[in-house]
Amino acid sequence: MDPGPDSVLIVGAKLFDGHRFLPPGCVLVLEGRVAALDSRLTAPAGVPVVDARGGTVLPGLIDAHVHVFPGALQSALRSGVTTELDMFADPALVGALVQQASCDPSAADLRSAGIGATAPGGHPTRLIAQGLLSPFPTVAGPAQAEAFVAARVAEGSDFLKVILEDGTTTGHAVPTLTADTVEALVAAAHAQDLLVVAHTLTQAHALLAVGAGVDGLAHLFFDEPPSAQFLDAAVRRNVFVVPTLTSLAARSGHSRGRALAEDPHLGSALDPRQRASLTLDFPVGPGARADLAHAMSAVAQLQRNGLRLLAGTDAPSPGTAHGASLHDELHLLVLAGLSPPAALAAATSAPAAAFGLTDRGGIAPGMRADLVLVQGDPEHDITGTRAIEQVWRAGHPASRSPTAE
Ligand SMILES: [Zn+2]
């Protein structure tokens, strides 16, 4: 019997199944899906065998906060990110990229909010003048919420993004959504079975969003340390949080992008656009209230309180890049107090569960064979995720060279 394409037997690697590390064993992939896991397996006729002794196989990584552009999904996949969750992009671009990704084995898979809900003149409308976004509709008040959400559903948005941003952490004041508008948007989205994620960078906005019933926060706030009131509300509402520490670092003058661009493993897989965005400084205005230390200390508290944490980068915001920055986010999550398995769960099983992606985020029979083979053992050194040997997208081996597209 011909096993078909996109089949492989990976032998001898330690495994991370989305939750915990398992002793070295075998993973059999048939026609793009995981077929079996066992301590010993034999390859069916015609299935190639990869000797992965000394390495570790991870589920394909999921970046829970990006903004896509042409080429972004290829940059992501080269660095082991097999699924990207876009938090604001032109729906025509998203449609084209999804179409392209479905038949391009060098591109990561994509889900997107499409156009996010923001106030007239609110963030990120200034990107229109810079030519980075096409003009898009905004939401002036609660009466417009239902029609706004219906339009996003019609465009194919996978979830709704609401934007609460007044410039406190950037030093550039902008108008923002009111509480009653956020409540109306959440109600309209939930009536359509859409998940709602909120852009909030201050604790006041995070509290407002959680109170309005959003499902998740697309950033951790960093204007002040988390209060007992916030922790109580977040636990009661069971929200998930995408800390985006690597972006918060760049936003508070501690950009890690230049160092990441020099990483011996990740550096060679970077294309010029990734390199450029890693070395950009975030444009912070005077009077900004932003301290990475608040977010770093909050991560451990959120985890102790049982809140779900999802790894995300906000790439390509200045100082970050698709793919590469997720490895830095994993490192920062560990520096903030997560164990390596908890950090890796934040980039695999946790985002898959939060966004209803039931076919990925783990390694189990029947799941999509999005897999990453790394040298060594990231259970003991999380930076080991960067030493990528091979990425498989639905069982298909992906190219790792930035020029081979
Ligand atoms: Zn963002």
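Throughout this document, residue positions are counted from 1 along each chain, in the order its sequence is written. Whole-chain, interface and lining totals are the exception, using all residues; otherwise, since this is a predicted model, local features are given only for residues with pLDDT of at least 70 and side-chain atom pairs are given and counted only at 80 or more.

## Some thoughts on helix α2 (residues 91-103)
So the rule is basically this: The helix count covers DSSP runs of H or I at least four residues long, the strand count covers runs of E at least two residues long, and both are numbered beginning at the N terminus. Multiplying 1.5 Å by the helix residue count minus one yields the expected span of that helix. Residues are scored as being in contact if the C-beta atoms we place from backbone atoms lie within 7 Å.
With 13 residues, α2 extends 19 Å from end C-alpha to end C-alpha; this agrees with the ideal 18 Å at 1.5 Å per step. Buried residues along α2 sit in contact with α1 (72-78), β7 (81-86) and β8 (109-112).

## Considering the sheet that holds strand β10 (residues 196-199)
Counted only if it meets this: Strand pairing is defined by DSSP finding a minimum of two bridges between the two strands. Angles shown run from 0 to 180 degrees and are taken between the N-to-C directions of axes, each axis being a line fitted to C-alpha atoms and, for helices, limited to the stretch in contact.
Strands sit in the order β9-β10-β11-β12-β13 across an open sheet of five strands; the sheet is parallel. Only two strands of the sheet have a single partner each, and these edge strands are β9 (160-163) and β13 (308-309). When β9 meets β10, the two strands line up parallel, connected through four bridges. Counterpart to Ile 163 in the pairing with β10 is His 199. Packing of helix α5 (residues 179-191) onto the sheet brings it into contact with β9 and β10, and relative to β9 it is tilted by some 180 degrees.

## A few points about the pairing of strand β15 (residues 388-393)
As judged from the four bridges shared by strand β14 (residues 371-375) and β15, these two strands associate in the antiparallel manner. Residue Leu 373 lies in a different strand from β15, and its bridge partner there is Gln 390. With three bridges connecting them, β15 and strand β16 (residues 396-398) associate as antiparallel partners. Looking at β16, one finds that Val 391 is bridged to Ala 398. The antiparallel hairpin formed by β15 and β16 contains two residues in its connecting segment, where Ala 394 sits at a positive phi of about 45 degrees.

## Re unusual backbone geometry
Applied cut-off: Our exposure labels follow a C-beta count within 10 Å of each residue's own C-beta, placed from the backbone: buried means 20 or more other C-beta atoms, exposed means 12 or fewer, and partly exposed covers the counts in between.
Residue Pro 124 is reached from His 123 by a cis peptide bond, and omega for that bond is 5 degrees. Mapped onto the elements, Pro 124 comes out in the loop between β8 and α3 (126-129). In this structure, the amide linkage connecting Ala 315 to the following residue, Pro 316, adopts the cis form with an omega of 0 degrees. Along the chain, Pro 316 falls in the loop between β13 and α12 (324-335). Positive phi values are uncommon outside glycine, yet Asp 193 reaches one of about 60 degrees. Relative to the helices and strands, Asp 193 is located in the loop between α5 and β10. The class of Asp 193 is exposed, set by 9 C-beta atoms lying within 10 Å.

## Focus: the environment of Gln 390
In this fold, Gln 390 is placed in strand β15. Between the C-alpha atom of Gln 390 and that of Pro 264, which follows or precedes it by 126 residues, the distance is 16 Å. Discounting chain neighbours no more than four positions away, the residues touching Gln 390 are Leu 373 and Pro 397.

## Regarding the sheet that holds strand β6 (residues 61-66)
One open sheet accounts for three strands, arranged β6-β7-β8; its pairing is parallel. If you trace the sheet from one side to the other, it starts and ends with β6 and β8, each paired once. Each strand axis lies, on average, 20 degrees off the axis of its neighbour in the sheet, ignoring direction. Bridge count between β6 and β7: four bridges; the pairing is parallel. The partner of Ile 62 across the bridge, within β7, is Thr 83. Those strands touched by α2 are β7 and β8, and its axis lies near 155 degrees from that of β8.

## Considerations on the packing of helix α4 (residues 145-155) against α5
Our working definition: Note on angle classes: values under 35 degrees are labelled roughly parallel, values over 145 roughly antiparallel, values of 65 to 115 roughly perpendicular, and the remainder oblique. Two helices cross in a left-handed way if the nearer one is turned anticlockwise from the farther one by less than a right angle. They cross in a right-handed way if the turn is clockwise. Polar here means any residue outside two lists: the nonpolar Ala, Val, Leu, Ile, Met, Phe, Trp, Tyr, Cys and Pro, and the charged Asp, Glu, Lys and Arg; Gly therefore counts as polar.
In contact at an axis separation of 8 Å, α4 and α5 are set at 45 degrees when each is read in the N-to-C sense. Between α4 and α5, the angle is such that the two are oblique. Between α4 and α5 lies a crossing whose hand is right-handed. Contacts between α4 and α5 involve Ala 145, Glu 146, Phe 148 and Val 149 from the first element and Thr 181, Ala 184, Leu 185, Ala 188 and Ala 189 from the second. Per-class residue counts for the contact of α4 with α5 are seven nonpolar, one polar and one charged.

## What about the environment of Gly 384?
Tracing the chain through its elements places Gly 384 in the loop between β14 and β15. Residue classification places Gly 384 among the buried residues on the basis of 21 C-beta atoms within 10 Å. A C-alpha to C-alpha distance of 9.1 Å links Gly 384 and His 327, two positions 57 residues apart in sequence. Ignoring sequence-local partners within four residues, the contact set of Gly 384 consists of Val 374, Gly 376, Asp 377 and Pro 378.

## Comments concerning the nonpolar core
As a reminder of what qualifies: A set of buried Ala, Val, Leu, Ile, Met, Phe, Trp, Tyr and Cys residues, joined to one another through C-beta atoms within 7 Å, is what we call a nonpolar core.
Among the nonpolar cores identified, the biggest contains 127 residues, and Val 162 and Leu 185 are the most heavily contacted of them. The residues touching Leu 185, leaving out its near neighbours within four places in the chain, are Ala 117, Val 139, Ala 145, Phe 148, Val 149, Leu 160 and Val 162.

## Some thoughts on helix α11 (residues 292-304)
Along its 13 residues, α11 runs 19 Å from first to last C-alpha, staying within 8% of the 18 Å computed at 1.5 Å per residue. Listing the buried residues of α11 in full gives Ala 295, Met 296, Ala 298, Val 299 and Leu 302. Where α11 is buried, its residues meet β12 (240-241), α8 (245-251), β13 and α12. In the stretch just after α11, Gly 306 is the one whose phi turns positive, near 85 degrees.

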